[in-house]
Amino acid sequence: MSDPATQFADAIRAAADAKRPLNICGGGSKTFYGNPSIGETLDVTTYRGIIEYEPTELVITARAGTPLADIEAAMREQGQMLGFEPPHFGGNATLGGCIAAGLSGPRRPYAGSARDFVLGLRLLDGRGTDLHFGGQVMKNVAGYDVSRLITGSLGTLGVILEVSLKALPLPPSEMTLCREQTQSEALALMNEWAGKPLPITATCHVDGRLYVRLAGATPAVHSAAAKLGGETLADGAAFWRDLRDQRHAFFSGESPLWRLSLSSIAPELQLSGAQLIEWGGALRWLRSDSDAMGIRKAARSGDGHATRFRGGDPRSGAFHPLPSQMLKLHKRVKQAMDPVGIFNPGRLYADF
Amino acid sequence: MSASVHAIPVDFERQRAVCAALRAFMPEHGVLFDREDVTPYECDGLSAYRQVPMVVALPENEEQVCAILETCYALRVPVTARGAGTGLSGGALPLGNGVLLSMAKLMKIVTLDPLARTARVQPGVRNLSISEAAAPHGLYYAPDPSSQIACSIGGNVAENSGGVHCLKYGLTVHNILKLRVATIEGEIIELGGGGLDSAGYDLLALMTGSEGLLGVVTEITVKLLPRPECAQVVLAAFDDVGTAGQAVANVIAAGIIPAGMEMMDQPTILAVEPFVNAGYPTDAAGILLCESDGTREEVADEIRRIERIMEDSGAHLVRVSRDEAERLRFWAGRKAAFPAVGRLSPDYYCMDGTIPRKRLAEVLRGITVMEKKYELRCANVFHAGDGNLHPLILYDANDPRQLQNAEDFGAEILKLCIDVGGTITGEHGVGVEKIDSMCVQFNSAELEAFHALKHAFDEHALLNPGKAVPTLHRCAEFGRMHVHSGAEKFPELPRF
Ligand SMILES: Cc1cc2nc3c(=O)[nH]c(=O)nc-3n(C[C@H](O)[C@H](O)[C@H](O)COP(=O)(O)OP(=O)(O)OC[C@H]3O[C@@H](n4cnc5c(N)ncnc54)[C@H](O)[C@@H]3O)c2cc1C
Ligand SMILES: Cc1cc2nc3c(=O)[nH]c(=O)nc-3n(C[C@H](O)[C@H](O)[C@H](O)COP(=O)(O)OP(=O)(O)OC[C@H]3O[C@@H](n4cnc5c(N)ncnc54)[C@H](O)[C@@H]3O)c2cc1C
């Protein structure tokens, strides 16, 4: 059988010639996310496997179809992890899907996002051309930072073939504390703590309780726990995993799920529906039947944006509308990478 | 370096027209064109390249920046933005037929919000003054290039600058939230946002490190971090740089991400020690400085482990800073490395390749061979934690042969960095200096993708043209040049 990358390139060229859209598909675990996909399926899961993993270089390189779970298992064996704690949403999420979606988990504000950990990647553009950007080293400013541009572009700019990511050591110890707290008190505390040298790696407020994860050297974790106070949660790891993969009870049920990414000090949202706060206040999840306009207005006033993450009225796009200047620029960037417009058209915005 | 010192004659008619158009809305002192007024702008930190600009514009606010760009766009005049001019790759080298847009007067810290831990600053603000303004709140701005007392935050964004602490705290791209950018058409766009991500493509990341080719940054919202409770540094000396490199790997393998991890080789130590009396052992082949910061408990724990790893890795001397004064003294040597080495010879040429750390010994051996080949000395300073090498080639610019040799030496180091799986620039940018090496690192399809992206932002190529990304034509010329110089074909012939 010929190299899958060559097959993908052939498929892309054929699609571009015929001006037929392609729907790039990892495992499909995030199909609920974004606007609906159209086009013929290009299954990239066949291109899998870890290419190189050098723990002392803090770099792992793998093919896009590699299951995220395999990557994390290999890293755990070496006492390392993906610092952005990517959500899986089911067992089969792939590395390519994870980088294309660009989503990060609870550790994000304290360690960095998916794009922060991307060091380089290999992709096929809209002409099927095989391109490498960035590399396998920590610092690299040669050429524009295309790798980070691709991260979070939901497969609209190219087919990711391989990705190199920075690794982080697993913390020697972790502890989760929780306490009763109102939402506004929790927001104030999250922001106040973030301004102090404390080994915090996750925060969450839900159902009137504030959760904090501490991580690092054992004595440092204990001394920080003594400073913060609150009770210790027995299975903290399970709590954060459920939060990351949206298996926490807050995420079950039928009402539409909104994701509001805002300034961490944005005040409590005056919107109907239940809320869950993460990321030190910078991420607010909302279960609400309120209209999209109102929710987006609230997000704007918090200097942020709102995504209709799951459910709700598909007539309002999944992603926050762009100002006209930015929309124009997005179309031009799309045109630069995918001139015929075959990759996941409409997945991000209806216009491209 | 030598090749580019060629002055384009000024087109006086064009100059008059551009000045008149700019003075329609700019004060007289904000538009310069007299030879003596514009000469101070003829180069950045890479002074081997010089070119006086046709016109210098000195805007005092964002509206003026936009109006200048709109005017240049209408007249199709190329524009080069300039921050503090400390760049080391000729990124801010003016164009003889262009406008040099100095951002130096936009130097206000607009707001600083201690609770949100952010600061909104204008591009001309000096890197260090952000941390100074944040200090009363126990906060600081993490990226700390050695040039931080002088360089501007706008320049930092354009170069995606790093510093000694970036293995743990990241580069500029990891420490900014939002940019206001003026497009070449003179319109303002906002990239990023008040939260930790934004809708659509990550154009904030794309703009960062784009060397003034995609837009002019007019305002930056930076993240501020809490000052670590304390910091301590371990100084370890080795008989062999390869062993020192292995010690770095051993620290990482132990699950430690040091706040800073720097290496200096013997030529550097010998230059630095008499200059600053940092207490470095001058008999060592290489020394490592490894810093831990955080809470008292974290630092105590980490320093103990680092000390043991250094000993187990074969260090013949390990010292831990006993107090803040000693910690600063240990660092003073590293911070003075460039000027100290600079005293050894009339000129030095600073390279900036990044390599996978495991190839360090091999690369340093290669550089030693090149020292003989080019008959020039080289001192090595190394951000060891993240593999970023700064070989400092010592030469005398007044000797044309040495100048040419230094340039060839540098290009060969960069080629070696690429061959071992690294990159030609870790933090100083491509500018004009490394533009030919870009042809070695990227193939023509990749370069074309860069040009396509540039076109998306700047279709007439008016923003800092000729920098950062070579034309395919230039690469073809460069390739031919290489064949001509005959390295492979006629190895027996002497080359000068
Ligand atoms: C509705 C649904 C529910 C599921 N539930 C479960 C479950 O409960 N348990 C379980 O074990 N499994 C479940 N799965 C299966 C599994 O989670 C997914 O099939 C899959 O492995 C993960 O897909 P992904 O994360 O790789 O991203 P995808 O969802 O495939 O892709 C996300 C986005 O990234 C893009 N993309 C993906 N790969 C690339 C690439 N290489 N280059 C460029 N763009 C790319 C896509 O176009 C898309 O826009 C479910 C699947 C679906 C569809
Ligand atoms: C002694 C010394 C030590 C150094 N140490 C380090 C170090 O440790 N780490 C490191 O990363 N660098 C280092 N540098 C390099 C340099 O200081 C950085 O690249 C710095 O970011 C340049 O900032 P500047 O304001 O001087 O920019 P300039 O030199 O004025 O410009 C640099 C580039 O940015 C563009 N630019 C400037 N302002 C803007 C703007 N507002 N909008 C768009 N584009 C703009 C210019 O066009 C040019 O391409 C060092 C330099 C020296 C001289």
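Numbers given to residues run from 1 along each chain, matching the order in which its sequence is written. Chains and ligands are labelled sequentially in the order written, the chains with letters from A and the ligands with numbers from 1. Per-residue local features of the predicted model are confined to residues with pLDDT of at least 70, and side-chain atom pairs are confined, for both listing and counting, to 80 or more; whole-chain, interface and lining totals are unaffected and use all residues. Hydrogens and waters are ignored; side-chain quantities use all the structure's heavy atoms.

**Considerations on the overall build of chain A**
Stage number 1. Numbering of helices and strands runs from the N terminus; a helix is a DSSP stretch of H or I covering at least four residues, while a strand is a stretch of E covering at least two. When helices and strands are tallied, chain A shows eleven helices and 17 strands.
Stage number 2. The globule rule used here is 2.2 Å times the number of residues to the 0.38 power, and the radius of gyration it is set against is calculated over C-alpha atoms. Scaling as 2.2 N^0.38, a compact globule of 352 residues should have a C-alpha radius of gyration of about 20 Å, and chain A matches this with 21 Å.
Stage number 3. Dimensions of chain A, computed from C-alpha atoms along their principal axes, come out at roughly 65 × 50 × 35 Å.
Stage number 4. Long-range contacts, defined as pairs at least 24 residues apart, comprise 66% of the intrachain contacts of chain A with a sequence gap of at least 6.
Stage number 5. Carbon together with sulfur atoms contributes 51% to the accessible area of chain A, which is approximately 12,700 Å² in total.
Stage number 6. Within this scheme the basic residues Lys and Arg register as positive and the acidic residues Asp and Glu register as negative, but His and the chain ends are omitted. Taken as the charge centre is NZ of Lys, CZ of Arg, CG of Asp or CD of Glu, depending on the residue. In chain A, 37 side chains carry a positive charge and 35 a negative one; their mean positions are 5 Å apart. Two residues qualify as a contact provided that any one of their heavy atoms is within 4.5 Å of a heavy atom in the partner residue. Accessibility throughout is a Shrake-Rupley quantity obtained with a 1.4 Å probe, and a residue counts as covered only by protein chains that appear here.

**Notes on the site of ligand 2**
Residues and elements named next belong to chain B.
Stage number 1. Definition of nearness: a residue and a molecule or strand are near each other if at least one heavy atom of the residue lies within 4 Å of the molecule or strand. For ligand 2, the set of nearby residues contains 32 residues, the closest of which are Ala-81, Gly-83, Thr-86, Ser-147 and Ser-152.
Stage number 2. Take Thr-86: an N or O atom from its main chain is 2.6 Å from an oxygen atom of ligand 2.
Stage number 3. For this analysis, a polar contact is any N or O atom pair within 3.5 Å, provided that within protein one partner can donate a hydrogen and the other can accept it, and provided that sequence-adjacent residues contribute only side-chain to side-chain pairs. In the model, an oxygen atom of ligand 2 is placed 3.3 Å from a nitrogen or oxygen of the Glu-211 main chain.
Stage number 4. For the shell around ligand 2, the elements supplying multiple residues, two or more each, are strand E3 (79-82), helix H5 (153-159) and strand E10 (216-223).
Stage number 5. By residue number, the principal contributor to the shell around ligand 2 is H5, which donates five residues.
Stage number 6. Considered class by class, the residues forming the shell around ligand 2 number eleven nonpolar, 17 polar and four charged. Gly counts as polar in this scheme, as do all residues outside two lists: the nonpolar Ala, Val, Leu, Ile, Met, Phe, Trp, Tyr, Cys and Pro, and the charged Asp, Glu, Lys and Arg.

**Focus: the domain arrangement of chain A**
Residue and element names in this part refer to chain A.
Stage number 1. Under the domain assignment, chain A is made up of domain 1 (4-169 + 333-337), domain 2 (173-244) and domain 3 (253-310).
Stage number 2. Once you take the C-alpha centre of each, domain 2 and domain 3 turn out to be 22 Å apart.
Stage number 3. Domain 2 puts ten residues into the contact, and the matching count from domain 3 is 14 residues.
Stage number 4. The term buried area denotes the loss of accessible surface (1.4 Å probe radius) that occurs when two parts are joined, taken as the sum for both partners. For domain 2, the biggest contributors to the area lost against domain 3 are Gln-183, Leu-187 and Asn-191; these three give 49% of the whole.
Stage number 5. By salt bridge we mean one thing: a side-chain nitrogen of Lys or Arg within 4 Å of a carboxyl oxygen of Asp or Glu. Counting across the interface, domain 2 meets domain 3 through zero salt bridges.
Stage number 6. Our count for the contact surface shared by domain 2 and domain 3 stands at three residue pairs in polar contact (both at pLDDT 80 or more). Domain segmentation is taken from an automatic or database assignment of domains.

**A look at the packing of aromatic side chains**
Stage number 1. Think of it this way: a Phe, Tyr or Trp ring, Trp meaning its six-membered ring, pairs with another when their centres are within 6.5 Å, and the plane angle makes it stacked under 30 degrees, edge-to-face over 60, tilted otherwise. Applying the stated criterion across every chain, the model contains 17 aromatic pairs over all chains.
Stage number 2. One aromatic cluster in this structure is built from A:Phe89, A:Phe250, A:Phe251, A:Trp285 and A:Phe309.
Stage number 3. Here the guanidinium or amino end of A:Arg63 rests over the ring plane of A:Tyr47, the centre of that ring lying 5.3 Å away.
Stage number 4. A ring is considered to have a charge above it if a Lys NZ or an Arg CZ atom is located within 6 Å of its centre and within 35 degrees of its normal. The ring of B:Tyr140 has B:Arg227 sitting right over it, with the charged end atom 4.6 Å from the ring centre.

**Observations concerning the domain arrangement of chain B**
Stage number 1. Entries for chain B in the domain assignment read domain 1 (12-102), domain 2 (109-226), domain 3 (230-340) and domain 4 (345-483).
Stage number 2. Measuring from the centre of the C-alpha atoms in domain 1 of chain B to the corresponding centre in domain 3 of chain B gives 43 Å.

**A closer look at the state of the cysteines**
Stage number 1. In plain terms, two cysteine sulfur atoms within 2.5 Å form what is called a disulfide here. The tally for this structure, following the rule as stated, stands at one disulfide over all chains.
Stage number 2. Cysteine A:Cys178 is unpaired, with the sulfur of A:Cys204 as its nearest cysteine sulfur at 11 Å.
Stage number 3. Here B:Cys19 stays free of any disulfide, with the sulfur of B:Cys72 as its closest cysteine sulfur at 10 Å.
Stage number 4. Here B:Cys19 falls in the buried class, since its relative accessible area comes to 6%. Note on exposure labels: buried denotes an accessible area under 20% of the residue type's maximum, exposed denotes more than 50%, and partly exposed covers the range between, all computed with a 1.4 Å probe on protein chains only.

**Some words on the nonpolar core**
As a rule of thumb, soluble globular proteins bury nonpolar side chains together.
Stage number 1. One finds A:Leu165, B:Leu203 and B:Met310 to be the most contacted residues of the largest nonpolar core, which totals 167 residues.
Stage number 2. For this core, the element with the highest residue contribution is helix H14 (residues 400-419) of chain B, accounting for eight residues.
Stage number 3. Sequence-distant contacts of B:Met310, defined by excluding residues within four places in its chain, comprise B:Val234, B:Ala236, B:Phe238, B:Ala247, B:Val251, B:Leu288, B:Cys290, B:Ala315 and B:Val318. Residues belong to one nonpolar core when they are buried, are Ala, Val, Leu, Ile, Met, Phe, Trp, Tyr or Cys, and are joined through side-chain atoms within 4.5 Å.

**Looking at the environment of B:Arg117**
All names here are of chain B.
Stage number 1. Among the structural elements, Arg-117 can be located in the loop between strand E5 (109-113) and strand E6 (118-121).
Stage number 2. What makes Arg-117 buried here is its relative accessible area of 13%.
Stage number 3. With 56 residues separating them along the chain, Arg-117 and Asn-61 place their C-alpha atoms 25 Å apart.

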